[in-house]
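Residue-level structure breakdown
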Amino acid sequence: MANGQWYPPEWPERIRALAEGTLTPVPPRRAATVMLLKDTDGTTPVVHMLRRRASMAFAGGAYAYPGGGVDPRDDDHQIRWAGPTRAWWAQRLGVDETSAQAIVCAAVRETYEEAGVLLAGPTPDTVVGDTTGDDWEADRAALVARDLSFAEFLDRRGLVLRSDLLGVWTRWITPEFETRRYDTWFFVAALPEGQRTRNASTEADRTVWIRPADAADGYDKGELLMMPPTIATLRQLIPYDSAADVLAAAPAHDLTPVLAKARLENDEVILAWPGHDEFTKHIPTGGAPA
């Protein structure tokens, strides 16, 4: 392949079926993912990425950020909350207040589940320190197993969710021809002082801290496999000199959902992501994509 764009072999057939009107899209699930950043001695921050195990049904072998689906149990439970109000988040995310809480909870929970980093503290202006002890690990495992909701976890620990440590960056919806679909909000956050990342995910076989420019270069050379939203967001991070600069820029970012469109034109199907021409694919009606 010319680059590292993730492109499953079953896509052409499903894209053609969608374009012809014989495929019914499945509804997308709400999800959140977090671009966790930290400053270095260099001129640009690094971002935490994980490589999904090759055995994973969805995007196996691809590099991504910590993230996952929203837990409906976090919609209604009123948790201790710091930072912008739920009403502010609802307006920013384009959802109602209960959904906004659940989406922000998903971002913080998935970062803890998959990277061991927790954006919460005992007071509205603090964050927890080291979270690698046995008791923390027991709670993290219960969250992963969904034996414990994130709201219950925060209550049990007497913690305040620090929504002020997050910025929402973009929103992508999985194409309609996919069998697994997500409506995903991409967040940015800085690694809290005193905490450190680790590969806590059973879905990943490797984690790295990497400069966005280096990750994009690896993608362009075909060395790092990524889905379109991952490489698109990496390219957007390249101009920034610090994690604080990224967070400061987040409120101005457009959250219009990016959704790939497939259309039949002459003897080929054209797959395009609005605003992201580099991902456009031309699929002959009887052949492989170009």
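Residues numbered from 1 in each chain as written. Predicted model: local features only at pLDDT ≥ 70, side-chain atom pairs only at ≥ 80, totals over all residues. Heavy atoms only, no water.

1. Quick word on the packing of aromatic side chains
Here is the rule: Pairing of aromatic rings covers Phe, Tyr and Trp, the last counted by its six-membered ring, and requires centre-to-centre distances within 6.5 Å; plane angles under 30 degrees mean stacked, over 60 mean edge-to-face, and any other angle means tilted. The buried label applies to any residue whose accessible area, calculated with a 1.4 Å probe on protein chains only, is under 20% of its type's maximum; exposed applies above 50%, and partly exposed to all values in between. Each ring is checked for a lysine NZ or an arginine CZ that lies within 6 Å of its centre and within 35 degrees of its normal; such an atom marks a charge sitting over the ring.
Overall, the coordinates contain nine aromatic pairs when judged by the stated rule. A ring pair is formed by Trp 88 and Trp 89, whose centres lie 5.0 Å apart and whose planes are at 90 degrees; its orientation type is edge-to-face. Classification of Trp 88 by relative accessible area gives partly exposed; the value is 36%. Counting every residue linked through ring pairs, the aromatic cluster contains Tyr 112, Trp 136, Phe 150 and Phe 153. Its guanidinium or amino end placed over the ring of Trp 136, Arg 157 lies 3.8 Å from that ring's centre, counting from NZ or CZ.

2. Focus on the sheet that holds strand E12 (residues 261-265)
How we decide: Only strands that DSSP links by at least two bridges are regarded as paired with each other. Labels follow the DSSP assignment, with helices taken as runs of H or I lasting at least four residues and strands as runs of E lasting at least two, numbered in each case from the N terminus. An axis is simply a line fitted to the C-alpha atoms; with a helix, the fit covers only the stretch in contact. Between two such axes, the angle follows the N-to-C directions and lies from 0 to 180 degrees. Contacts are assigned to residue pairs that have any heavy atoms within 4.5 Å of one another.
Taken in spatial order, the three strands of this open sheet run E12-E13-E14, and their pairing is antiparallel. Where the open sheet ends on each side, the last strands, each with one partner, are E12 and strand E14 (276-284). Between one strand axis and the next, the sheet turns through 20 degrees on average, direction left out of account. When E12 meets strand E13 (residues 268-273), the two strands line up antiparallel, connected through five bridges. Note that in E13 the partner of Ala 262 across the bridge is Leu 271. Against the sheet, helix H1 (residues 11-20) makes contact with E12, E13 and E14, and its axis sits at roughly 95 degrees relative to E13, the strand it touches most. Packing against the sheet, helix H7 (residues 228-237) makes contact with E13 and E14, and its axis sits at approximately 155 degrees to E14.

3. Quick notes on the sheet that holds strand E7 (residues 160-162)
Reading across the sheet, the three strands line up as E5-E7-E6 and stay open at both edges, with mixed pairing between neighbours. Among the strands making up the open sheet, the edge pair consists of strand E5 (81-82) and strand E6 (120-121). In the sheet, E5 pairs with E7 via two bridges, with the strands oriented parallel. Its bridge partner lying in E7, Ala 82 is registered against Arg 162.

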